[in-house]
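# Notes for the structure review
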Amino acid sequence: MKSPSPSKHSANGSELQVRTYLAALPPDSRTHLQELRESIRAAAPGAVESFSYGMPAFSLDGKPFVWYAAWKRHSSFYPISKATLRALAAELEAYETSGKGTIRFRLDEPLPTALVRRLVKARIAELRKKQTG
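Residues numbered from 1 in each chain as written. Predicted model: local features only at pLDDT ≥ 70, side-chain atom pairs only at ≥ 80, totals over all residues. Heavy atoms only, no water.

The backbone of Tyr-53 sits at a positive phi, close to 55 degrees, despite the residue not being glycine. Relative to the elements of secondary structure, Tyr-53 occurs in the loop between β1 (48–52) and β2 (55–60). The class for Tyr-53 is exposed, based on a relative accessible area of 70%. Here Asp-61, not a glycine, exhibits a phi torsion of approximately 55 degrees, which is positive. Summarising the element assignment, Asp-61 is placed in the loop between β2 and β3 (63–70). A relative accessible area of 56% means that Asp-61 is categorised as exposed. (Helix = DSSP H or I, 4+ residues; strand = E, 2+ residues; numbered from the N terminus. Buried < 20%, exposed > 50% of the residue type's maximum accessible area, 1.4 Å probe, protein only.)

Shown next, in the form of structure tokens:
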């Protein structure tokens, strides 16, 4: 009998870590983060769930490319480049951002799922450009 490949094994371990992380959250945070997770997954269907820096992430080509986390009053999405922050500045005006590429979505407001999908697609495009450039 063949043993599972290391990447498949670690992917399963990451999925368990993500589920454990989500299960430990208060219900409102969990709901918000699950919606964020699904928006990321919808924008990056080839991405694999991972767990890095103590928070859920998604990986492409074996490397994490976006992370997300729950906090007391907001969820955070990381990292977004300065170029993407500038390009989507008008859409991001309503959200707190940091110079290091963090975007914070308040838990008491609806998650902007279309914006999250655009951010994920922009992040993937940046990574692909780096790989070919």
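Text resumes after the structure shown.
Residues Leu-36, Ile-40, Phe-65, Phe-77, Phe-105, Leu-119 and Val-120 are the most contacted members of the largest nonpolar core, which totals 35 residues. Among the elements that make up this core, the one with the highest residue count is β3 (6 residues). (Core = buried A, V, L, I, M, F, W, Y, C linked by side-chain atoms within 4.5 Å.)

Further remarks concern the sheet that holds β2. Taken together, 6 strands build an open sheet; the order of strands is β1-β2-β3-β4-β6-β5 and the sheet is antiparallel. Taken across any chain shown, the strands that pair with only one partner, and hence form the sheet edges, are β1 and β5 (96–97). Note: β2 against β3, 4 bridges, orientation antiparallel. Within β3, the residue paired with Ser-59 across the bridge is Pro-64. Across the sheet, helix α2 (residues 27–43) is in contact with β1, β2, β3, β4 (74–78) and β6 (103–106); its angle to β3 comes to roughly 155 degrees. (Pairing = 2+ DSSP bridges. Contact = heavy atoms within 4.5 Å. Axes fitted to C-alpha atoms, helices over the stretch in contact; angles between N-to-C directions.)

Moving on: the confidence of the model for the protein. With 90% of its residues at a pLDDT of at least 70, the protein reaches an overall mean of 88. The least confident element of the protein is helix α1 (residues 6–23), whose mean pLDDT is 76; the most confident is β6, at 97. In this model residues 1–9 is a low-confidence stretch, pLDDT under 50, and it forms 0 contacts with partners more than four residues away in sequence or in other chains. (pLDDT = per-residue confidence, 0-100.)

On to the packing of aromatic side chains, then. For the structure shown, the criterion picks out 4 aromatic pairs. With centroids separated by 5.8 Å and ring planes inclined at 55 degrees, the aromatic side chains of Tyr-53 and Trp-67 adopt a geometry described as tilted. Of this pair, Tyr-53 sits in the loop between β1 and β2 while Trp-67 sits in strand β3, and the two are 14 residues apart along the sequence. (Phe/Tyr/Trp six-rings, centres within 6.5 Å; stacked < 30°, edge-to-face > 60°.)

The next subject is the pattern of salt bridges. Counted according to the given criterion, the structure contains 8 salt bridges. Where Arg-118 meets Glu-91, a salt bridge forms, and the shortest distance between an N and an O atom there is 2.2 Å. Taken together, the residues Arg-118 in helix α5 (residues 113–132) and Glu-91 in helix α4 (residues 89–92) connect sequence positions 27 residues apart. With relative accessibility at 38%, the residue Arg-118 sits in the partly exposed group. When its relative accessible area of 32% is taken as the criterion, Glu-91 is described as partly exposed. The partner of Glu-96 in a salt bridge is Arg-104, and the shortest N-O contact between them spans 3.3 Å. Through salt bridges with shared partners, a single ionic network connects Arg-37, Glu-38, Arg-41 and Glu-49. (Salt bridge = Lys/Arg side-chain N within 4 Å of Asp/Glu carboxyl O.)

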